[in-house]
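Commentary on secondary and tertiary structure
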Amino acid sequence: MDHDMTTTVSDFRKNGFVAGLPALSAEQVKTLRDFIEDLEANHAEGAGGHRLDQFFRVNGHVVIPQLAEVARNPQILDVIESLLGPDLLAWSVELFIKEPGSTKTVSWHQDITYWGMGETDDEVTAWIALSDVSVEAGCMRFIPGSHKGGLVEHNDTFSEDNLLSRGQEIADVREAEAVHGPLKPGEMSLHHGRCFHASGQNKSADRRIGMAIRYVTPGVRDHAAGHGTAPEHDWAMPVRGETPRGGWDCIAGPRGLFHPADLALYDRILEGQSKTLAAGAENDVGMYATNTAS
Ligand SMILES: O=C(O)CCC(=O)C(=O)O
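Fair warning: this is a prediction, and the values are worked out from it, not measured in the lab. (Residues numbered from 1 in each chain as written. Predicted model: local features only at pLDDT ≥ 70, side-chain atom pairs only at ≥ 80, totals over all residues. Heavy atoms only, no water.)

Scanning the model with the defined rule gives 16 salt bridges in all. R207 is the partner of E40 in a salt bridge, and the nearest nitrogen-oxygen pair spans 2.7 Å. A residue pair is termed long-range when its members are at least 10 positions apart, and E40 in helix α2 (residues 26-42) and R207 in the loop between β10 (197-199) and β11 (208-216) qualify at 167 residues. Classification of R207 as buried rests on a relative accessible area of 13%. Through salt bridges with shared partners, one network takes in R33, E37, E40, E99, D206 and R207. (Salt bridge = Lys/Arg side-chain N within 4 Å of Asp/Glu carboxyl O. Helix = DSSP H or I, 4+ residues; strand = E, 2+ residues; numbered from the N terminus. Buried < 20%, exposed > 50% of the residue type's maximum accessible area, 1.4 Å probe, protein only.)

Set out below in structure tokens:
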């Protein structure tokens with residue numbers, strides 16, 4: 001492991017997050033952003049009965065080849081491998097978009113609270129900036145070391161302005177300890193599934209666009225089964241190392257943009273994962289609420 005990678009790993013283990021790592025070139029960012037904005041301009045109605053927002057909000061890698069391709073990017077995978085080991089799966093790919101002047105925020109939360117993965121250490125998010133994600137633009141904030149405890153209680157707010165599915169929020173956060181993770185276009189941050197994180201409004205002049213890729217190891221389901229939280233079925237796309245032998249329904253990747261067979265698979269996954277996400281909620285949990293706002 002080279003020096004930089006060693007520092008990344010030790011910072012991540014200590015704090016539960018790292019920001020400012022290189023992920024995509026300027027050209028890759030431009031191609032991806034242009035592609036996303038072209039979809040928004042020409043395919044907002046989506047496909048298979050879902051609006052485009054839905055695919056941006058969760059599991060975009062199932063039906064949009066360009067999103068699956070980013071999840072397989074070797075530079076990103078090298079860093080994830082140094083944290084999670086050689087066998088890696090992409091569990092979800094999502095876009096978090098805040099328009100300039102939008103009132104959308106993300107409340108303090110721990111990602112894996114409702115994902116049926118127990119309290120695992122084997123889930124890490126790579127969050128890649130496709131615009132200048134400055135403090136002004138509403139970058140993420142993290143509480144260093146918060147991943148070292150277990151999962152804490154979250155209250156569902158179902159707030160309209162919250163990009164999270166249940167508007168879930170942790171009541172007791174020591175905000176004064178929060179650290180901003182601003183990112184230049186093409187940089188990424190990594191955060192642990194139990195790290196407390198949140199983000200504010202986009203007060204910049206540009207859109208704030210981020211792509212979150214949720215990586216797990218094949219063993220995530222086994223740990224969760226031990227805690228009684230693993231759902232009956234779960235789906236993921238193997239991206240490096242050995243294909244898992246049991247417990248997972250493996251996704252090969254999209255056959256083309258909005259291919260009918262992939263749209264049918266998308267619906268099966270949505271139905272299965274919605275049950276896990278909604279467990280214990282008092283309101284309906286849309287899988288998921290829309291993630292864009294003007
Ligand atoms: O984009 C944001 O501000 C929040 C993203 C987030 O909560 C996540 O990727 O887990």
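Moving on to the side chain of H192. Positionally, H192 belongs in strand β9 (residues 187-192). Only 2.9 Å separates the side chain of H192 from the side chain of D121, close enough to count as a polar contact. Not counting the four nearest positions on each side in its chain, H192 is found in contact with F12, G16, T120, D121, E123 and H147. (Polar contact = N/O pair within 3.5 Å; in protein donor to acceptor, adjacent residues only side chain to side chain. Contact = heavy atoms within 4.5 Å.)

Quick look at the confidence of the model for the protein now. Averaged over every residue, the pLDDT of the protein is 91; the share at 70 or more is 95%. Low pLDDT, under 50, characterises residues 288-294; the predicted model gives this stretch 26 contacts beyond four residues in sequence or across chains. (pLDDT = per-residue confidence, 0-100.)

Residues in close proximity to the ligand total 13 residues, the closest being D111, H197, S199, R208 and R214. With respect to the ligand, the side chain of H191 contributes an N or O atom lying 3.2 Å from an oxygen atom. Between S199 and the ligand, the recorded distance is 2.5 Å, taken from a side-chain N or O atom to an oxygen atom. Its free accessible area being 290 Å², the ligand has 100% of it covered by the protein chains. (Near = heavy atom within 4 Å. Areas by Shrake-Rupley, 256 points an atom, 1.4 Å probe, with all protein chains shown as cover.)

The next point concerns helix α1 (residues 3-15). Between its terminal C-alpha atoms α1 stretches 18 Å, which fits the 18 Å expected from 13 residues at 1.5 Å a residue. Listed as buried for α1 are M5, T8, V9, F12 and N15. Within α1, the buried residues cover an arc of 155 degrees as seen down the axis, which keeps them to one side. Opposite the packed face of α1, turned more than 90 degrees from it, sit the exposed residues H3 and K14. In the stretch just after α1, G16 is the one whose phi turns positive, near 90 degrees. (Expected span 1.5 Å × (residues − 1). Arc of directions from axis to C-beta.)

Attention now moves to the pairing of strand β12 (residues 235-240). Pairing of strand β2 (residues 88-98) with β12 involves three bridges; the strand directions are antiparallel. Note that in β12 the partner of L88 across the bridge is R240. With two bridges connecting them, β12 and strand β13 (residues 249-250) associate as parallel partners. Residue pairing across strands places W235 opposite D249, the latter belonging to β13. (Pairing = 2+ DSSP bridges.)

A separate point is the sheet that holds β2. Strand order in the open sheet formed by seven strands is β1-β9-β4-β11-β2-β12-β13, and the pairing between neighbours is mixed. Each of the sheet's edge strands pairs with one partner strand only, and the pair in question is β1 (17-22) and β13. Where β1 meets β9, four bridges bridge the pair, whose relative direction is antiparallel. Looking at β9, one finds that V18 is bridged to L190. Relative to the sheet, α1 contacts β1, β4 (123-129) and β9, its axis offset from that of β1 by approximately 150 degrees. (Axes fitted to C-alpha atoms, helices over the stretch in contact; angles between N-to-C directions.)

This brings us to the packing of aromatic side chains. This structure, assessed with the given rule, holds four aromatic pairs. Ring geometry for F55 versus Y266: centroids 4.8 Å apart, planes at 75 degrees, classification edge-to-face. Of the two residues, F55 sits in helix α3 (residues 52-57) while Y266 sits in helix α7 (residues 260-278), which places them 211 residues apart along the sequence. Here F55 matches Y266 in class, with each residue buried. Ring geometry for W91 versus W115: centroids 4.8 Å apart, planes at 40 degrees, classification tilted. Of this pair, W91 sits in strand β2 while W115 sits in the loop between β3 (106-109) and β4, placing them 24 residues apart in sequence. For W91, a relative accessible area of 5% corresponds to the buried category. According to the relative accessible area criterion, W115 is buried, its value standing at 9%. In this structure an aromatic cluster arises from ring pairing among F55, F258 and Y266. Its end group placed over the ring of W248, R221 keeps NZ or CZ at 5.9 Å from the ring centre. (Phe/Tyr/Trp six-rings, centres within 6.5 Å; stacked < 30°, edge-to-face > 60°. Lys NZ or Arg CZ within 6 Å of the ring centre and 35° of its normal.)

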